[in-house]
Amino acid sequence: MPKHLEAAPWLAVHDRLLAALGAQHWWPGETPFEVMVGAVLTQNTAWSNVERAIANLKAADALSVAAILRLGDGELAALIRPAGYFNVKTRRLKALCGFLERAGVGGDPVRLARGGRLPALRQRLLEVNGVGEETADSILLYALGLPSFVVDAYTRRIFARLGLIGGAETYAHIRRTFMDRLPPDPALYNEYHALIVALGKDFCRPKPRCASCPLVDLCPRRGLE
DNA sequence: TTCCTGTGAG
DNA sequence: CTCACTGGAA
């Protein structure tokens, strides 16, 4: 008999957020490869800056595995400059593209999803320099449509305030907490993470705006910070 | 823990 | 001016 997992609060938070904030239509990228590039560029970076970098790549006709591998480091760094950390992210984008190329999916990165089961594919992504857990899960979920829940700083902050996690758990532990309680539905994971980001940006900020938060009545820490 | 970096809100 | 931003590596 498996340990009973109380899923109701996690589903209730999703439903409340969806009703209050509406569908978020993530990821804001036009192709799976664009989503993968965005996942790297947005690391610790505001999305508005990532949009500029991606616009530069498009304008230079450089938004493909082959084009990025062909560019010199200096050229690529100049294009993604608005996204910050441009030297680090130049190496990371090249590592990602090199991986896709070696995997034989350079011309059609969505075919990466056919390379075995989710845990094995996730492990292969984690071996790529610059792809950590959140980036790997973002690629799996938003580029490939696979049911891998994305945990980020907002998730940790929001669910700690809600009292549903402690807040100091590892990434893997929090991810499992969600995945053990939600059906493995990519559309649900997609919407849920997007809603979490929206709440974290607009309401459950470092200094929270509890008065207008759609979750106030669910939150034991409302008004305490 | 520290470093990596541009951008915009406050 | 300071802070936060859909982190990850060394």
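Residues numbered from 1 in each chain as written. Chains lettered and ligands numbered in written order. Predicted model: local features only at pLDDT ≥ 70, side-chain atom pairs only at ≥ 80, totals over all residues. Heavy atoms only, no water.

**Details of the domain arrangement of chain A**
By a widespread convention, an interface's size corresponds to the accessible area lost as its parts come together. Entries for chain A in the domain assignment read domain 1 (8-25 + 149-218) and domain 2 (32-143). Relative to domain 2, the C-alpha centre of domain 1 lies at a distance of 26 Å. Contact residues are listed per partner, giving 12 residues for domain 1 and seven residues for domain 2. Taken as a group, Val-150, Tyr-171 and Arg-175 account for 54% of the area that domain 1 buries against domain 2, more than any other trio of residues on that side. If you look at where domain 1 meets domain 2, you find one salt bridge. Among the salt bridges present, the one from Arg-175 reaches Asp-137, with a minimum N-O distance of 3.5 Å. Elements supplying a minimum of two residues to the side of domain 1 that touches domain 2: helix H10 (171-179) and helix H11 (186-202). Sorting elements by how many residues they give to the side of domain 1 that touches domain 2 places H11 first, with five residues. Residues that form the side of domain 1 that touches domain 2 fall into these classes: eight nonpolar, two polar and two charged. (Domains from an automatic or database assignment. Contact = heavy atoms within 4.5 Å. Buried area = accessible area lost by both parts, 1.4 Å probe. Salt bridge = Lys/Arg side-chain N within 4 Å of Asp/Glu carboxyl O. Helix = DSSP H or I, 4+ residues; strand = E, 2+ residues; numbered from the N terminus. Nonpolar A, V, L, I, M, F, W, Y, C, P; charged D, E, K, R; others polar.)

**So, the nonpolar core**
If you look at the biggest cluster of nonpolar residues, it comprises 66 residues, and the most contacted ones within it are Leu-41, Leu-100, Leu-144, Phe-159 and Tyr-192. The residue makeup of this core includes at least three contributed by each of domain 1 (8-25 + 149-218) and domain 2 (32-143). (Core = buried A, V, L, I, M, F, W, Y, C linked by side-chain atoms within 4.5 Å. Buried < 20%, exposed > 50% of the residue type's maximum accessible area, 1.4 Å probe, protein only.)

**A few points about the protein's contact with DNA strand C**
Near DNA strand C, the surroundings consist of 22 residues, among which Trp-26, Asn-44, Gly-130, Thr-135 and Tyr-154 are the closest. Taking Thr-135, its side chain carries an N or O atom lying 2.8 Å from a phosphate oxygen of DNA strand C. A distance of 2.4 Å separates a phosphate oxygen of DNA strand C from a polar atom in the side chain of Tyr-154. If you list the elements that add at least two residues to the surface near DNA strand C, you get helix H8 (133-143), helix H9 (153-161) and H11. Here the surface near DNA strand C takes three residues from H8, the largest share from any one element. Taken together, the residues of the surface near DNA strand C break down into nine nonpolar, eight polar and five charged. (Near = heavy atom within 4 Å. Polar contact = N/O pair within 3.5 Å; in protein donor to acceptor, adjacent residues only side chain to side chain.)

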